[in-house]
Amino acid sequence: MNSPNNPMPWRLEWSQELSVHIPEIDAEHKHFIELINALNEAIAERMSRSEVRKRMQDVMDDAVAHFEHEEALFIEWAYPDTEQHARQHAAAVKIFQEIMRRIEQSEIDYDWVEAGLQVKQLLVAHLLNEDMKYRDFWLAQNKVKNSVSQE
Ligand SMILES: [Fe+2]
Ligand SMILES: [Fe+2]
């Protein structure tokens, strides 16, 4: 994927392995990935600080709304790992705020590149390590519900 012929090595593509099998959440994750791509595009193309800042703000606003949505679903599902997952969300928001400060304060290009990559890595790690746990829970619950309703 990171071949020298790839003009956009920073780009993140949504793939089926990132699916949580809940269409509304998949749609939000796809949108989130697009916002992170837009941020990394601005950094890679050396757009102005105000543009990079604006795109980072979009990532942060979207993250907060998405995290709230997930946490509301967890309560609805009585998901046992709600608290632990919410702590991960809060930690991610803090890291995003630190990254925003770096974008605002640093004059060094590399700092921005690193900041953009960190946002991307954080999202991928959260999706694969944390969101996949509720996917498994939700799928198991629904299997139980479906088998009960078929009786
Ligand atoms: Fe998520
Ligand atoms: Fe999450």
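Cut-offs and rules
Residues numbered from 1 in each chain as written. Chains lettered and ligands numbered in written order. Predicted model: local features only at pLDDT ≥ 70, side-chain atom pairs only at ≥ 80, totals over all residues. Heavy atoms only, no water. 1 Å grid on protein atoms, 1.4 Å probe; cavity = no way out; pocket = protein on both sides within 12 Å on 5 of 7 lines; lining within 4 Å. Points joined across faces, edges and corners; volume = space filled by probe spheres on them. Helix = DSSP H or I, 4+ residues; strand = E, 2+ residues; numbered from the N terminus. Nonpolar A, V, L, I, M, F, W, Y, C, P; charged D, E, K, R; others polar. Donors = N, O, S within 2.8 Å, 3.2 Å for Na, K, Ca; no water. Buried < 20%, exposed > 50% of the residue type's maximum accessible area, 1.4 Å probe, protein only. Contact = heavy atoms within 4.5 Å. Expected span 1.5 Å × (residues − 1). Phe/Tyr/Trp six-rings, centres within 6.5 Å; stacked < 30°, edge-to-face > 60°. Lys NZ or Arg CZ within 6 Å of the ring centre and 35° of its normal.

Caption draft 1: Quick look at the layout of surface pockets. In this model, the largest pocket occupies a volume close to 240 Å³. Around the largest pocket, the lining comprises 13 residues; the ones closest to its centre are Ile43, Ala44, Arg46, Asp109 and Val113. Elements represented by at least two residues in the lining of the largest pocket include exactly α1 (23–44) and α4 (109–149). Considering every element that reaches the lining of the largest pocket, the biggest residue donor is α4, with four residues. Looking at side-chain class alone, the lining of the largest pocket contains seven nonpolar, two polar and four charged residues.

Caption draft 2: Structural view of the coordination of the iron ion (ligand 2). Around the iron ion (ligand 2), the protein contributes the donor atoms Glu70 (OE), His85 (NE2), His89 (NE2), His126 (NE2) and Asp131 (OD), at 2.1 to 2.3 Å from the metal centre. Sequence positions of the donors to the iron ion (ligand 2) reduce to the motif E-x14-H-x3-H-x36-H-x4-D. Here the iron ion (ligand 2) and the iron ion (ligand 1) are spaced 3.5 Å apart, linked through Glu70, which binds each one. Taken together, the residues Glu70 in helix α2 (residues 49–77) and His85 in helix α3 (residues 82–105) connect sequence positions 15 residues apart. For the residue pair Glu70 and His85, the accessibility class agrees, reading buried in each case.

Caption draft 3: Region of interest: the environment of Glu68. With respect to the element layout, Glu68 can be found in helix α2. For Glu68, a relative accessible area of 54% corresponds to the exposed category. Residues Glu68 and Arg87, spaced 19 residues apart in sequence, show a C-alpha to C-alpha distance of 12 Å.

Caption draft 4: View of empty space enclosed by the protein. Overall, the coordinates contain one cavity of 30 Å³ or more when judged by the stated rule. Roughly 70 Å³ of internal volume is contained in the largest cavity. Along its surface, the largest cavity is lined by His29, Phe32, His66, Phe67, Ala92, Phe96, Leu122, Leu123, His126, Leu127 and Asp131. Broken down by secondary-structure element, the contributors of at least two residues to the lining of the largest cavity are α1, α2, α3 and α4. At five residues, the largest contribution of residues to the lining of the largest cavity is made by α4. Among the residues making up the lining of the largest cavity, the classes are represented as seven nonpolar, three polar and one charged.

Caption draft 5: How the structure looks around the side chain of Asn40. Examined against the element boundaries, Asn40 turns out to sit in helix α1. Residue class for Asn40 comes out buried when judged on its relative accessible area of 3%. Dropping the residues within four chain positions of it, Asn40 is found in contact with Trp10, Gly116, Leu117 and Lys120.

Caption draft 6: Representation of α3 within the structure. Across its 24 residues, α3 extends 35 Å between first and last C-alpha, which sits within 8% of the 34 Å expected from 1.5 Å per residue. Among the residues making up α3, those that are buried are Thr82, His85, His89, Ala92, Phe96, Ile99, Met100 and Ile103.

Caption draft 7: Highlighting the packing of aromatic side chains. For the structure on display, the rule yields seven aromatic pairs. Taking the centre distance of 5.7 Å and the plane angle of 55° together, the rings of Trp77 and Tyr134 count as tilted. In this pair, Trp77 is assigned in helix α2 and Tyr134 in helix α4, connecting sequence segments 57 residues apart. The exposure class of Tyr134 is buried, given its relative accessible area of 1%. With 6.5 Å between their ring centres and 85° between their planes, Tyr79 and Tyr134 make a pair best called edge-to-face. Taken together, the residues span a long stretch of sequence, with Tyr79 in the loop between α2 and α3 and Tyr134 in helix α4 at a distance of 55 residues. Among the residues examined, Tyr79 registers a relative accessible area of 5% and is labelled buried. Through successive ring pairs, a cluster of aromatic residues spans Phe74, Trp77, Tyr79, Tyr134, Phe137 and Trp138. The positively charged end of Lys30 is found above the aromatic ring belonging to Trp14, 4.4 Å away from the centroid.

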